[in-house]
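# Coordinate analysis (summary)
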Amino acid sequence: AGQTNLKSPQDIQVYVVNTNFTLRWNYTGNDTNVTFSAEYRWFEDFGPSETEWKELPGCQNVTGTECDFSSAMTEYYDTHHVRVRAERRGEVSPWSRVFEMIPYFIAQIGPPGIELQSTNGVIKIKVSPPEGNQVRKMWIAHLRFKYNLVIWENSSNAEFRSQSISPTDIIDGLAPDTTYCLKVQATLPLDSQEGLFSPIHCVKTTRKVNDPLCATNVSVLALNMKFHLHWNNQYKHHVSYNVQYLIGYLKELHDDYSVKWLNVPECENITNTQCDFSSVITTGFYYLRVQAMSEYNKSCLSKEVKIDPLVTNEIGPPGVTVDASDVLLHIQISPPGGSECEVMRDHYDLSYRILYWKNSSNNEKEIKMKEIKQTIGTVADLTPSTLYCVKAQAFSEVYNKSSNFSEEECIKTPGDKVLPLIILATFVTALIAVLLVAMPLVFALYQAYNKIKYVFFPSCQLPLNIEGFGGQLFISPYLSATEEPIESFSITETTITEEANQIYFKDYKHSKQSSRDSGNYSNEDDTSGNKASEEMLEKEII
């Protein structure tokens, strides 16, 4: 029954600054003499956990609506539950809604400590980390802290100026004999956390004593990772210089770095007002200053200059060589700084912008652009027998830097090969046409030549047997001849003569038959003459 008369606390919240924990709530009841008590439990991801509710130290029988329970919190990365209830003379309200938290994720960075010193027109500041020398710390890696300074003149129309500072730093560019107020905030950029500002501190500046021995206007010029420090000399007597550098991270420490400055080896006891300090530069950032020394062993330190090599450095123009083929321009790019400059190549992630155009006599140049990541590029769609010019620029999107354009390189493309091909094709076509017309004519002439030769100059000869017989045949008395050969025969026996005539006749018939079979003579007149000769020969023999 008692529980129904008391209301539960509402709007439970836990506020954490560094390792300071505050529990707050609202109570809407009109009851008097009400106190509040809280309980908690925590859950560890690995290891034992307190799953039972326990009284929260520092938050028992509290008369107000908040309590500090910092002493109870030792595990900042584990899940915790907190609840609150109202109490009065043995009566208790229902427990409030449970508030769940992981301390590290809801903690705020506390204000840092500040020490100030005004001297020679500047303010020296020393910042201590938010938790200082506390034993228990929420922020273990205090070296990760970055510090933001806000400074303004202590006047009615003050302008606020913000800048990043190191734990030990110098604030310059201030008006003399002027009161400035400032505050500092610690941040963890990687965790996107911003802390509370420190209490405001005010200090009055002094007048700066100008020493003519000191080097002035100290500046850095850097091109293709070649770094040069320049300064002005306003001292009228003999002076020598030492260029000194400090590795940047040493200033981020909360230690005295004044004894950690080093001389640049190439820039010791020099009388020039410039120095090449590239030999000491790698990656990271650096601080540089010039120490001037007079002949009376008096010295003066210049203003410090901070450099981040990849930001300070300027990219030089690349080298370009061009070659032309029938239809392409081949462009070879040499990276800025040369092939041996690995820092330029590896850290800037360079790209190249190529401009090319026809170098014609008219004033209108149509400039075309092409971007490439490699050091080799090609340009197509060229006009034959035309002078093309090319220049290139290196740029880095990461650092938002670009070089000047290289010198122009021009080259003339080869002549057009289409016309010679057309002429060659026309010649071949005409040659084929001539051959197609001439071949039938040559063939006809060849056939006519063969017939004429066959008729007037036959190559065929009579067979030998016919030629031998023909010799006897043409001397026959029956053929037309101017003279008749007369032969004397001595007939001794009639029988032998007749037998000889029969043999001779048979030979003749056999020869005639062979001649007919060979087909060498098919003329009818010759055939008739042969037959007549046969008949007369037979009669003669009979």
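Attention in this report is confined to the structure presented alongside it. (Residues numbered from 1 in each chain as written. Predicted model: local features only at pLDDT ≥ 70, side-chain atom pairs only at ≥ 80, totals over all residues. Heavy atoms only, no water.)

### Let's talk about the packing of aromatic side chains
Evaluation of the coordinates by the stated rule reveals 14 aromatic pairs. Geometrically, the ring pair formed by Tyr348 and Tyr399 is edge-to-face, given 5.2 Å between the ring centres and 70° between the ring planes. Taken as a pair, Tyr348 in helix H4 (residues 342-348) and Tyr399 in the loop between strand S31 (387-396) and strand S32 (401-402) lie far apart in primary sequence, 51 residues in all. According to the relative accessible area criterion, Tyr399 is partly exposed, its value standing at 28%. (Phe/Tyr/Trp six-rings, centres within 6.5 Å; stacked < 30°, edge-to-face > 60°. Helix = DSSP H or I, 4+ residues; strand = E, 2+ residues; numbered from the N terminus. Buried < 20%, exposed > 50% of the residue type's maximum accessible area, 1.4 Å probe, protein only.)

### Details of the side chain of Arg353
Tracing the backbone shows Arg353 in strand S28 (residues 351-358). In this structure the side chain of Arg353 is engaged in a polar contact, spanning 3.2 Å, whose partner is the side chain of Glu371. In this view, Arg353 contacts Met369, Lys370, Glu371, Lys391, Ala392, Gln393, Phe395 and Phe405; residues no more than four positions away in its chain are not counted. (Polar contact = N/O pair within 3.5 Å; in protein donor to acceptor, adjacent residues only side chain to side chain. Contact = heavy atoms within 4.5 Å.)

### Observations concerning the sheet that holds strand S14 (residues 168-171)
By way of backbone hydrogen bonds, the strands of a sheet pair with one another, either parallel or antiparallel. The antiparallel open sheet is built from 3 strands, whose spatial order is S10-S11-S14. The open sheet is flanked by strand S10 (113-119) and S14, the only strands paired with a single partner. Going from strand to strand, the sheet's axes swing by 20° on average, the running direction of each strand aside. Looking at chain direction, strand S11 (residues 122-128) and S14 are connected through 4 bridges and run antiparallel. What sits directly across from Ile125, in S14, is Asp169. (Pairing = 2+ DSSP bridges. Axes fitted to C-alpha atoms, helices over the stretch in contact; angles between N-to-C directions.)

### Examining the pattern of salt bridges
Using the criterion set out here, one finds 13 salt bridges in the structure. Residue Arg207 is joined to Asp177 by a salt bridge in which the shortest nitrogen-to-oxygen separation is 3.0 Å. Separated by 30 residues along the polypeptide, Arg207 in the loop between strand S17 (201-204) and strand S18 (216-223) and Asp177 in the loop between S14 and strand S15 (179-188) bring together distant segments of the chain. Exposure remark for Asp177: the relative accessible area of 39% places this residue in the partly exposed category. (Salt bridge = Lys/Arg side-chain N within 4 Å of Asp/Glu carboxyl O.)

Functional significance is not addressed by these values, which are geometric in nature.
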